[in-house]
Amino acid sequence: MSPTIYTIMLSSLATGTIITMTSFHWLMAWIGLELNTLAIIPIISTLHHPRSTEAATKYFLTQAAASAMILFSSMINAWNTGTWDITQMSFLPSNALLAVALALKLGLAPAHLWLPEVLQGSTLLTALIITTWQKLAPMSLIFLSANNLPPMILLTLGVISSVTGGWAGLNQTQTRKIMAFSSIAHLGWMASITSISPNIMIMSLMIYLIMTTALFSSLIFSKSKTIQDTTTTWTLSPTLTITTMLVLLSLGGLPPLTGFLPKWLILEELITQNMSPLALMMAMSALLSLFYYLRLTYTTALTLAPNTLQMKFKWRFKPTTPPALMAFSTLSVFLLPLTPLILS
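Values in this document were obtained by computation on a predicted structure and should not be read as measured data.

## Some thoughts on the packing of helix H2 (residues 26-44) against helix H6 (residues 124-131)
As a packed pair, H2 and H6 sit with axes 10 Å apart at the nearest point and diverge in direction by 160 degrees. Taken together, H2 and H6 sit at an angle that is classed as roughly antiparallel. The handedness of the crossing between H2 and H6 comes out as left-handed. Two secondary-structure elements touch here, H2 through Ile40, Ile43 and Ile44 and H6 through Thr126, Ile129 and Ile130. A per-class count over the contact of H2 with H6 returns five nonpolar, one polar and no charged.

Here it is in C-alpha cells:
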C-alpha cells in the first residue's frame, strides 16, 4: 500500500472515531462507526495473503452486523420515545439490544470469536490498531449510555469475558492471539464496572491502552510473532528485555506496577456494592491471565535460546530502543503512585 493511501486510511480511521466520540445523535454515531470500519478493512488486507483477506472479511461481517444492531436499537428507541439522543435511551428492549451490539463490536465474550482470528490474520501493527484505537468508539458509546444499559447484562458479559480471556489464552503460542485474549479479559473488567462507576471504566481503558501499546511496540520492534520468537529478544536490546518483562507483569496486574491500579479499584468497588462472589470470580480469572503473562515473561527474560557467538552481539548494531516504546513502557510501570491524583 502506498504511503498516500495509507495516510488517507489512517486519517479516515481517526475521523470516524472522532465523529462517534463527539456525537449525541445516534445517526451521526452510526456514520462514524461505519467510516471507521470501512477505513480499517484495506489496512487489514494489505498483506495480499488468503489469511489477511479472511481476517478482513470476518472483521467486516461482525462490525457491519454490530453497527446494524446499534442502528436498529436506536430506531426502536426513537420510535417509542421520539428522541435520537444517545444519553436518552429509556426504552428497555433498545438498551438490551444496544448492550449486545456493543459487546459484539468490542469482542466481549461470548461474542468474542472473531477477535483472535482477525488479529492472527493481520500484521502486528494492524493488530495494535484493532486492540487499541478501534476500542475507543464503542467504549465512548458505552460511556454515554452507561446510565441506561442493563447492569445485569453488563456484569454477565464482564464476568464471562474475564474468565474466557484468561482460560482461552492459556493454550496459545501466537503472541497476537495471546494479546487478543488479553484484550477480551481487560474489556471484561471494564464492562463489569461500567454501570457502577463509569469514571473507573474510563481510567481502566486509558491504562489498558497504554500497556497494550507498550507491549505491542516491543513485539513489533523485536518481530516476535510466537512465544518461541520472544526467546531471542535479549539479543536485540537488553533494555527491551527488561521493559517487556515489566510491561507483561503490569498487564498481569501485579503491584506495585500500573496494571494493579484498575484491578484494585474495580474489585474494591464491586465489594463495596455487595458483589463479593462476582469480585472473587474476577480475581480468580485474573490469575488465569497472569499465567500466560508470566510464561511470556519467562521466555523473554529468563531463558537463553540456542545461539551462535555472532548472535550475542546483535544489540550492538541496533542499540537504540524507540523513544515511543520507552515512554509507554515507563507509563505502564510507574503510574501507581499517582492513584490519589487520578481518583481526585
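## Here we look at the UniProt feature "transmembrane region" (unreviewed entry) in the protein
Per the UniProt record, "transmembrane region" (unreviewed entry) is annotated on residues 59-76, 96-115, 152-171, 178-196, 202-221, 233-255, 275-294 and 324-343. As annotated, residues 59-76 comprises 100% helix and 0% strand, and the C-alpha atoms at either end are separated by 26 Å. End C-alpha atoms of residues 202-221 are separated by 28 Å, and the span's content is 100% helix alongside 0% strand.

## Details of the domain arrangement of the protein
Domain parsing of the protein yields domain 1 (1-149) and domain 2 (150-343). Here the C-alpha centre of domain 2 lies 23 Å away from the C-alpha centre of domain 1. Counting from both sides, the interface comprises 31 residues of domain 1 and, opposite them, 35 residues of domain 2. Regarding the contact of domain 1 and domain 2, the summed buried area is about 2800 Å², with carbon and sulfur atoms giving 80% of it. Per-residue buried area on domain 1 facing domain 2 is highest for Gln120, Leu124 and Met139; these three make up 23% of the total on that side. Linking domain 1 with domain 2 are one salt bridge, by the criterion used here. A salt bridge links Lys177 to Glu117; its shortest N-O distance comes to 3.7 Å. Counting residues per element, the ones that place at least two in the side of domain 1 that touches domain 2 are helix H4 (92-106), helix H5 (114-120), H6 and helix H7 (136-144). Split into classes, the residues belonging to the side of domain 1 that touches domain 2 amount to 20 nonpolar, nine polar and two charged.

Rules and cut-offs
- Numbering of residues begins from 1 in every chain and follows the order in which that chain's sequence is written.
- Local features in this predicted model are restricted to residues of pLDDT 70 or higher, and side-chain atom pairs are both shown and tallied only at a pLDDT of 80 or more, whereas totals for entire chains, interfaces and linings draw on every residue.
- Derived side-chain values reflect all non-hydrogen atoms in the structure, with water molecules and hydrogen atoms excluded from consideration.
- In this analysis an axis means a line fitted to C-alpha atoms, helices contributing only their contacting stretch, and an angle means the value between N-to-C directions, from 0 to 180 degrees.
- Secondary structure elements are defined from DSSP: runs of H or I of at least 4 residues count as helices, runs of E of at least 2 residues count as strands, and each element is numbered from the N terminus.
- Oblique is the label for every angle not falling under 35 degrees (roughly parallel), over 145 degrees (roughly antiparallel), or within 65 to 115 degrees (roughly perpendicular).
- Note: crossing handedness is left-handed where the near helix turns anticlockwise from the far helix by less than a right angle, and right-handed where it turns clockwise.
- By definition, residues are in contact when any of their heavy atoms lie within 4.5 Å.
- Only Asp, Glu, Lys and Arg are considered charged, only Ala, Val, Leu, Ile, Met, Phe, Trp, Tyr, Cys and Pro nonpolar, and every remaining residue, Gly among them, polar.
- UniProt positions are given in the numbering used here, feature names are shortened, and annotations may be inferred rather than shown by experiment.
- For the domains described, the bounds stem from an automatic or database domain assignment.
- When two parts are brought into contact, each loses some accessible area as probed by a 1.4 Å sphere; the total of that loss over both is the buried area.
- The term salt bridge refers to a pairing of a side-chain nitrogen on Lys or Arg with a carboxyl oxygen on Asp or Glu at a separation within 4 Å.

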